[in-house]
Amino acid sequence: MEINKYNINFLSCMWELISDAFSRVPAQAIVAKYMMDIGIRVEEERLFVDRVGISYNQVAKAVGKDKQIVSATVRTIRSDPRLYSIYINILPACNLRKVAPVMGWEVIELTLSDPAKSGVLGAVASIIGETGISIRQAIGEDPTYSTGLLYIITETPLPGSLIKKIQGIGGVNSVTLH
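I will try to describe carefully the structure that is included in this document. A quick note: this is a predicted structure, and the numbers were derived from the prediction, not measured.

Time to look at the overall build of the protein. Helix and strand content of the protein: 8 helices and 7 strands. Buried residues in the protein amount to 38% of all 178 residues. Of the roughly 10100 Å² that the protein leaves accessible, carbon and sulfur atoms contribute 52%.

Encoded structure:
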C-alpha cells in the first residue's frame, strides 16, 4: 500500500479524520486515541512503540477494553488508507514532566483559554528566553482533544516577575509551578 499518495494536509484534518472513522464505535475510538496519545504505531497487523512490538492484550488492559476491540480498531485503521498513513508513521515522544523534579528542573503548567490559539507558546518562550533560562521541553496536547494544558520544562526556576509576565499573555488563564 502506498501511504503517501494522498495530497492531504494531515495536520489540520487528522483528528477530524480519526473522529469520523470511529464515530459509530466509541470503544474503538478510545483505543485509537490511546494509541495516538502514547505513540503506538500500526504496521500491517502488528503494534509497535518505536521498534518494540506490543500485544493487543497489553493495549486492551491499558484502556480497559478487550483484545477484540483492539483488533477491530487495527482492522479499521488498516482498511482506510488515510488512517493507515497516519498510524504507520506515529512515533512516541519523551515527556519530561515527571523527570523534571528529579533533575532539579521546573515544570510550568499553563492552562489556556483556547488551546488552538496561535502564538502562546512563542510568547512564553520569548519571555523565558530573554532571561537566558534554558527551556528543556515544551509539550501540549492536540488542541482538538486538549483540556488546554501546555507544559514548559526549564532548567532553573523562573523568577516571580517572569510568572507575572506569562500570566499577562493573552490566552493564558493560569500558571502553576511544579
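What follows picks up the thread again.
Another point: the nonpolar core. If you look at the biggest cluster of nonpolar residues, it comprises 25 residues, and the most contacted ones within it are Ile18, Met35, Met36, Val42, Leu47, Ile77 and Tyr87. Elements represented by at least two residues in this core include exactly α1 (10–21), α2 (26–38), β1 (40–43), α3 (56–63), α4 (67–79) and α5 (81–87). Excluding its chain neighbours within four sequence positions, the residues that come into contact with Leu47 are Met35, Ile40, Arg41, Val42, Val52, Gly53, Ile54, Tyr56, Val59, Val70 and Val74.

Further remarks concern the pairing of strand β6 (residues 149–154). Counting buried residues in β6 gives 5 out of 6 residues, a clear majority hidden from the surface. In terms of strand pairing, strand β4 (residues 106–112) meets β6 through 6 bridges, oriented antiparallel. Counterpart to Glu109 in the pairing with β6 is Tyr151. Sheet topology note: the strand β5 (residues 135–140)/β6 ladder contains 5 bridges and is antiparallel. In the sheet register, Gly140 faces β6, and the bridge partner there is Leu150.

Reading the values: the criteria
Residues numbered from 1 in each chain as written. Predicted model: local features only at pLDDT ≥ 70, side-chain atom pairs only at ≥ 80, totals over all residues. Heavy atoms only, no water. Helix = DSSP H or I, 4+ residues; strand = E, 2+ residues; numbered from the N terminus. Buried < 20%, exposed > 50% of the residue type's maximum accessible area, 1.4 Å probe, protein only. Areas by Shrake-Rupley, 256 points an atom, 1.4 Å probe, with all protein chains shown as cover. Core = buried A, V, L, I, M, F, W, Y, C linked by side-chain atoms within 4.5 Å. Contact = heavy atoms within 4.5 Å. Pairing = 2+ DSSP bridges.

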